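# Overview (structure and organization)
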Amino acid sequence: MRLIVLALLAVGAPAAAEPYHLIPGAVPLDSGPDGNTIVLDAPQGLIVFDTGRHPEHAQAILDYAKTRRRPIAAVINSHWHLDHTTGNWDIRRAYARVQIYASNALEGALATFLKDSRADTDKMLADPKTPPAVRDQLERGIAVIDHPERIRPNRIVARSGRMTIAGRPLDVHLAKFAATEGDVWIYDPKTRTAIVGDLVVGLVPFMDTACPEGWSKALGQIAAVSFKTLIPGHGAPMTRADFANWRMAYDNFVKCGRSKTDEKTCVAGWQRDAAKFIAPDHRKYVDGAAAYYIETRLRSSPEEQQRYCKPLKTS
Ligand SMILES: [Zn+2]
């Protein structure tokens, strides 16, 4: 009898609570992506790592909190790119007391990259050929660039170390001059999960504001923690072996891009090395993006190549 009861218990026992809840970011081919969102439980409520770009993504985060009947106590932004931070605004409107943790890199970006992209946005909005979906996305971008207080952190991550966020201890890492001027990634030693934002992107490293060598260094720091699962900024969770594969692909791509090797050969090298992470319908997109990053970040003038390896001007 006792054995039967035990067997029943084994079948009926709930699965071990998942260490995190993933809301995958979409990577559409006709508009900008949403970064992955990862929700963690903490004593004071939920911690939301990255908040996406589109309103549908932000709504999915709010809906999840509602079904869990727990408030969103904290947001952590991996970096300032708008596909990871725009939803801060939606979350702030729903949870006025939410604490937003991020590096201070948004300030330099507002004075430079985002200011320039604001001017491009005006031109695109003035063009009647810009499709409605893209128009909505541009307008949502303007709404946070013109009112940065909507997405700005109130808790600045200035160094790596153990932090208690919403009552939960986490190892918070700051990688300087990597995908942006300040990338935040976290490691949860209890569940051996690393959540790394765009320091890892399955498809192609989004190098728009990258310091390629600093980024490579950050990948070494990620490799040094004993994670079992790694969640990238875009794409599916990875094992340690997946990450080692991706890291090798990244370093090969930068080395090839910096060399005199033909651009097409470097792009094909990326497609081969990172094949596991690239869905067939994204291959063409990846060809274009990889070539663009070689031209703009790896093979441009020496000053341009180093542009994001030092603080962006704030005046
Ligand atoms: Zn991203």
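Structural notes, computed from the coordinates. (Residues numbered from 1 in each chain as written. Predicted model: local features only at pLDDT ≥ 70, side-chain atom pairs only at ≥ 80, totals over all residues. Heavy atoms only, no water.)

## Focus: the state of the cysteines
Spelled out, the test is: Pairs of cysteine sulfur atoms within 2.5 Å are what we label disulfides. Secondary structure elements are defined from DSSP: runs of H or I of at least 4 residues count as helices, runs of E of at least 2 residues count as strands, and each element is numbered from the N terminus. The buried label applies to any residue whose accessible area, calculated with a 1.4 Å probe on protein chains only, is under 20% of its type's maximum; exposed applies above 50%, and partly exposed to all values in between.
As enumerated under the stated definition, the model contains two disulfides in all. Note on cysteine connectivity: Cys211 is disulfide-linked to Cys309, with sulfurs 2.1 Å apart. The S-S bond linking Cys211 to Cys309 shows a torsion near 100°; that makes this disulfide right-handed. A residue pair is termed long-range when its members are at least 10 positions apart, and Cys211 in the loop between β10 (193-201) and α8 (212-223) and Cys309 in the segment after α12 (302-305) qualify at 98 residues. Disulfide pairing is shown between Cys256 and Cys266; the S-S distance is 2.1 Å. Because the sign of the S-S torsion sets the handedness, a value of about -80° for the bond joining Cys256 and Cys266 places this disulfide among the left-handed ones. Taken as a pair, Cys256 in helix α9 (residues 240-258) and Cys266 in helix α10 (residues 263-273) lie far apart in primary sequence, ten residues in all. Residue Cys256 is classed as buried on the basis of its relative accessible area of 16%. For Cys266, a relative accessible area of 2% translates into the label buried. For the protein chain, numbering the cysteines in disulfides from first to last along the sequence yields the connectivity 1-4, 2-3.

## Here's the deal with unusual backbone geometry
A positive phi is found at Asp50, a non-glycine position, where the angle reads about 70°. Assignment of secondary structure puts Asp50 in the loop between β3 (45-49) and α2 (55-68). A relative accessible area of 1% means that Asp50 is categorised as buried.

## Side note on the pairing of strand β9 (residues 182-188)
The criterion, for reference: Strand pairing is defined by DSSP finding a minimum of two bridges between the two strands.
Of all seven residues in β9, seven are buried; the element is thus mostly enclosed. A two-sided burial pattern is seen for β9, the buried positions comprising Gly182, Val184, Ile186 and Asp188 on one face and Asp183, Trp185 and Tyr187 on the other. With six bridges connecting them, strand β8 (residues 168-176) and β9 associate as antiparallel partners. If you follow Leu174 over to β9, its bridge partner there is Val184. Here β8 folds back onto β9 in antiparallel fashion, the turn holding five residues, of which Phe177 has a positive phi close to 55°. In terms of strand pairing, β9 meets β10 through three bridges, oriented antiparallel.

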